[in-house]
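# Coordinate inspection notes
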Amino acid sequence: GPSQSGPQDPVEAATGWLRLILVDRDVPAAWQLTAPNFRLALVQAIFFLNEQAPALAGYERDEVAPQLAIASPNHPLWTSFADLLTEEFFVDLGEMDVESLEAATSTPVDPGFELVLLPQRRSSDAMEPPEMQMHGVLVEFHGDRWLVAGLSRRPATPGWPPDLGY
């Protein structure tokens, strides 16, 4: 029968990931469906945006970031990080209409990458071009399944500061 190892097509991968975050608010589950570079860039971004957070005091970011960027982190900071990621995703994805996930389409952008486009809530600005009313989720074929690699056409790139691509 069909393998349960992961989503079999790019649209399922992207919409499943979005549902985990926006509906279930389950970042740890979505984390396992996130490409390694996007995970690391996201962890670095959280460090960058929350440098003054008491929870992060005394931690060396270069040491901790890779430990939080694995698929199933067991670091003491992970719970705080998952909460901060949830907030961050809601800021970035809040405009997304979960009902519209059914209308998602995907288009190849680079070898091994597809961009999954989702209609946004209708904006009041009728002058906006249609692509401004779309949300993109980049997925990357990784091993044997599609993983979310970013939230725009450009993949996320780890570093200090990280480039999330959007």
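None of the values given here were measured: they were computed from a predicted structure. (Residues numbered from 1 in each chain as written. Predicted model: local features only at pLDDT ≥ 70, side-chain atom pairs only at ≥ 80, totals over all residues. Heavy atoms only, no water.)

## Focus: the overall build of the chain
Across its full length, the chain carries five helices and four strands. Taken from N to C terminus, the helices and strands of the chain fall in the order α-α-α-α-α-β-β-β-β. Here the chain holds 166 residues, and the buried ones make up 43% of them. In the chain, the share of contacts with a sequence separation of at least 24, taken over all contacts with a separation of at least 6, comes to 58%. Of the roughly 8,800 Å² of accessible surface on the chain, a fraction of 53% belongs to carbon and sulfur atoms. (Helix = DSSP H or I, 4+ residues; strand = E, 2+ residues; numbered from the N terminus. Buried < 20%, exposed > 50% of the residue type's maximum accessible area, 1.4 Å probe, protein only. Contact = heavy atoms within 4.5 Å. Areas by Shrake-Rupley, 256 points an atom, 1.4 Å probe, with all protein chains shown as cover.)

## Things to note about the nonpolar core
Side chains of a nonpolar character, in soluble globular proteins, are inclined to be buried together. Among the nonpolar cores identified, the biggest contains 42 residues, and Trp 17, Leu 18, Phe 81 and Leu 93 are the most heavily contacted of them. Breaking this core down by element, the ones donating at least two residues are helix H1 (10-22), helix H2 (27-31), helix H3 (36-49), helix H4 (61-68), helix H5 (78-93), strand S2 (113-119), strand S3 (134-142) and strand S4 (145-150). Dropping the residues within four chain positions of it, Leu 93 is found in contact with Trp 17, Leu 18, Ile 21, Leu 22 and Leu 151. Counting residues in hydrophobic clusters, the runner-up holds seven residues, among them Ala 35, Val 109, Leu 138 and Leu 147. (Core = buried A, V, L, I, M, F, W, Y, C linked by side-chain atoms within 4.5 Å.)

## Side note on the environment of Trp 17
Relative to the assigned elements, Trp 17 resides in helix H1. Trp 17 sits in the buried class, given a relative accessible area of 0%. Sequence-wise, Trp 17 and Val 137 are 120 residues apart; in three dimensions their C-alpha atoms are separated by 9.6 Å.

## Structural notes on the pattern of salt bridges
For the structure on display, the rule yields four salt bridges. Glu 102 is the salt-bridge partner of Arg 19, the closest N and O atoms lying 2.9 Å from each other. Of this pair, Arg 19 sits in helix H1 while Glu 102 sits in the loop between H5 and strand S1 (105-110), and the two are 83 residues apart along the sequence. With a relative accessible area of 31%, Arg 19 lands in the partly exposed category. According to the relative accessible area criterion, Glu 102 is exposed, its value standing at 66%. Notably, a salt bridge pairs Asp 163 with Arg 154, separated by 2.8 Å at the nearest N-O pair. (Salt bridge = Lys/Arg side-chain N within 4 Å of Asp/Glu carboxyl O.)

## Brief notes about the packing of H3 against H5
Direction vectors running N to C along H3 and H5 enclose 90 degrees, while the axes themselves pass 10 Å from each other. It follows from the interaxial angle that H3 and H5 lie roughly perpendicular. Between H3 and H5, the contacting residues are Leu 42, Val 43, Ile 46, Phe 47 and Leu 49 on the first element and Phe 81, Leu 84, Leu 85, Glu 88 and Phe 89 on the second. (Axes fitted to C-alpha atoms, helices over the stretch in contact; angles between N-to-C directions. Parallel < 35°, antiparallel > 145°, perpendicular 65-115°, else oblique.)

## Here we look at the environment of Asn 37
Examined against the element boundaries, Asn 37 turns out to sit in helix H3. According to the relative accessible area criterion, Asn 37 is partly exposed, its value standing at 46%. Sequence separation between Asn 37 and Val 148 is 111 residues, and the spatial gap between their C-alpha atoms is 9.8 Å.

## Points about H4
Each α-helix winds once per 3.6 residues, and so residues spaced three or four apart point in a common direction. The complete set of buried residues in H4 reads Val 64, Ala 65 and Leu 68. Angularly, the buried residues of H4 cover 105 degrees about the axis, an arc narrow enough to put them on a single face. Those residues of H4 hidden inside the fold are in contact with H2, H3 and H5. (Arc of directions from axis to C-beta.)

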